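# Commentary on secondary and tertiary structure
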Amino acid sequence: MKIPLPYSGGIILSYQCNLSCIHCLYNCRKNWMEWIDIDKFEKCLKILKNISSFVSLHLTGGEPFINFPLLLEAVKLTKKYEIPFFVETNCYWAKNEEVAEEKLKKIKEGGLNSIMLSYSVFYLNKVPVENFEIAMKKSFEIFGMENVSFYTIDAYRIIKEKGIRGTMNFEDCLKIIGQEKFINFLKNYIVPKGKFLYTLENWFVKFKAEKFKGANCIGEFLNPYHIHIDLYGNYITSFCSGITPGKFEEVLKNGINTGDKILNFLMTDIYDLLLWAESYGYKRKDGYINKCHLCLDIRKFLIENKFKFDSLKPEEFYNYL
């Protein structure tokens with residue numbers, strides 16, 4: 001099945017991260033060590049450059065500033081190919097103004113014109129709120145306010161409003177901001193996929209599996225508006241972590257491989273995937289938040305029981321879920 005050419009997206013330089021957030025879409029963590037090969041990165045840029053509809057790229061992770069030399073090289077290459085882009089970061093590195101200014105100036109000289117600063121209550125246990133404030137101040141000075149974006153500024157406003165400073169574990173933070181404010185924050189912040197479906201599942205209403213009869217993922221797989229390419233070359237659509245319709249170049253050329261059993265089920269009826277998995281020993285849960293929760297739980301079962309499918313990549317995603 002052919003897919004539309006993408007409009008925007010990101011290249012995941014690594015799944016390595018200084019954090020291991022309980023809501024992480026991609027289950028990023030400190031011990032996931034691999035980084036993208038720079039030649040593979042440039043190959044992706046060449047392909048994207050030739051897609052006339054593609055208008056915006058971001059370089060992301062994991063946390064791209066962990067491997068600053070590679071990030072800087074990636075920035076220089078992206079600038080060379082004249083693709084509009086920005087870098088996304090959780091600001092852990094902005095330990096003081098001197099360090100922040102040095103890094104931001106260096107990366108701007110390399111060709112970066114825009115940056116996204118990410119912060120939330122989930123970062124507080126390891127990244128002091130002061131680091132975010134330093135990164136914000138220096139980014140405004142170096143890139144200009146119009147070239148700095150946030151995901152999300154509302155998270156910082158909640159933390160500032162409550163007078164929280166330094167670091168704080170999630171449970172203590174939750175007591176201070178209150179459940180109602182936290183739930184309102186989640187509504188505007190969270191993407192209900194990935195690791196979140198296990199760590200925060202009890203915050204949401206769940207439904208019997210029968211509710212998802214007839215549901216499929218065609219819309220997600222064919223969504224061209226925000227795709228990702230990871231360091232292994234996997235094409236990721238609609239934040240659907242741990243599953244891929246194929247390698248980036250092959251998907252653009254040949255479309256989705258509906259010969260893959262998992263993809264075929266998801267393109268037709270996710271409830272059939274459930275019935276098939278149950279025939280191999282999967283035990284359905286009492287309830288699921290959404291169809292993504294059902295899909296992920298089945299995929300996790302398959303990986304844990306050594307099933308092999310080309311679509312279930314990267315397998316490391318399923319570790320520590």
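We now turn to the structure provided with this report. All values derive from a computational prediction rather than experimental measurement.

The rules behind each value
- Residues numbered from 1 in each chain as written.
- Predicted model: local features only at pLDDT ≥ 70, side-chain atom pairs only at ≥ 80, totals over all residues.
- Heavy atoms only, no water.
- Helix = DSSP H or I, 4+ residues; strand = E, 2+ residues; numbered from the N terminus.
- Rg over C-alpha atoms; globule rule 2.2 N^0.38 Å.
- Buried < 20%, exposed > 50% of the residue type's maximum accessible area, 1.4 Å probe, protein only.
- Contact = heavy atoms within 4.5 Å.
- Areas by Shrake-Rupley, 256 points an atom, 1.4 Å probe, with all protein chains shown as cover.
- 1 Å grid on protein atoms, 1.4 Å probe; cavity = no way out; pocket = protein on both sides within 12 Å on 5 of 7 lines; lining within 4 Å.
- Points joined across faces, edges and corners; volume = space filled by probe spheres on them.
- Nonpolar A, V, L, I, M, F, W, Y, C, P; charged D, E, K, R; others polar.
- Pairing = 2+ DSSP bridges.
- Right-handed = clockwise from strand over helix to strand, strands pointing away.
- Arc of directions from axis to C-beta.

### A closer look at the overall build of the chain
Within the chain one finds 13 helices and 7 strands. Over its C-alpha trace the chain gives a radius of gyration of 20 Å, about what one expects of a compact globule, namely 20 Å for 321 residues. Scored against the burial criterion, the 321 residues of the chain give a buried share of 58%. Taking as baseline every contact in the chain between residues at least 6 positions apart, the subset at least 24 positions apart corresponds to 74%. Looking at the chain as shown, the accessible area adds up to about 14300 Å², and 52% of this sits on carbon and sulfur atoms.

### Observations regarding empty space enclosed by the protein
Following the criterion strictly, the structure yields 2 cavities of 30 Å³ or more and no others. For the largest cavity, the calculated volume is near 130 Å³. Lining the largest cavity are 17 residues; nearest its centre among them are Lys 193, Cys 240, Cys 292, Cys 295 and Arg 299. Sorting elements by how many residues they give to the lining of the largest cavity places helix 13 (residues 291-304) first, with 5 residues. In the lining of the largest cavity, the residues fall into 12 nonpolar, 2 polar and 3 charged. Lining of the second largest cavity is provided by Tyr 15, Tyr 26, Ile 236, Ser 241, Gly 242, Lys 313, Pro 314 and Phe 317. By residue class, the composition of the lining of the second largest cavity is 5 nonpolar, 2 polar and 1 charged.

### Observations regarding the pairing of strand 2 (residues 56-60)
The buried fraction of strand 2 is high, at 4 of 5 residues. The pairing of strand 1 (residues 8-12) with strand 2 spans 5 bridges and is parallel. Bridge pairing links Ile 11 to Leu 59 in strand 2. On the question of chirality, the crossover connecting strand 1 to the parallel strand 2 by way of helix 1 (residues 38-49) is right-handed. Where strand 2 and strand 3 (residues 85-89) come together, 3 bridges link them in parallel fashion. When the bridges of strand 3 are listed, Leu 59 appears paired with Val 87.

### Quick word on the layout of surface pockets
Within this model, the largest pocket holds a volume of roughly 630 Å³. Around the largest pocket, the lining is made up of 28 residues, and of these Leu 25, Glu 88, Ser 118, Tyr 123 and Tyr 151 lie nearest the centre. Among the elements of the structure, strand 2, strand 3 and strand 4 (115-118) are those that each provide at least two residues to the lining of the largest pocket. A per-element tally of the lining of the largest pocket places strand 3 first, with 3 residues. Per-class residue counts for the lining of the largest pocket are 16 nonpolar, 10 polar and 2 charged. Of the volumes computed, that of the second largest pocket is approximately 270 Å³. Surrounding the second largest pocket, 15 residues form its lining, Pro 245, Gly 246, Lys 247, Glu 250 and Asp 310 being those nearest its centre. At 3 residues, the largest contribution of residues to the lining of the second largest pocket is made by helix 10 (residues 248-254). Looking at the lining of the second largest pocket, its residues break down into 3 nonpolar, 7 polar and 5 charged.

### Quick look at helix 7 (residues 179-189)
Along an α-helix, residues three or four positions apart point the same way, because every turn accommodates 3.6 residues. Taken together, the buried positions of helix 7 are occupied by Phe 182, Phe 185, Leu 186 and Tyr 189. Axial view of helix 7: buried residues confined to an arc of 105 degrees, hence all on one face. The exposed set on the far side of helix 7, more than 90 degrees from its buried face, consists of Glu 180, Lys 187 and Asn 188. If you follow the buried residues of helix 7, they end up packed against strand 5 (148-151), helix 5 (153-161) and helix 6 (170-177).

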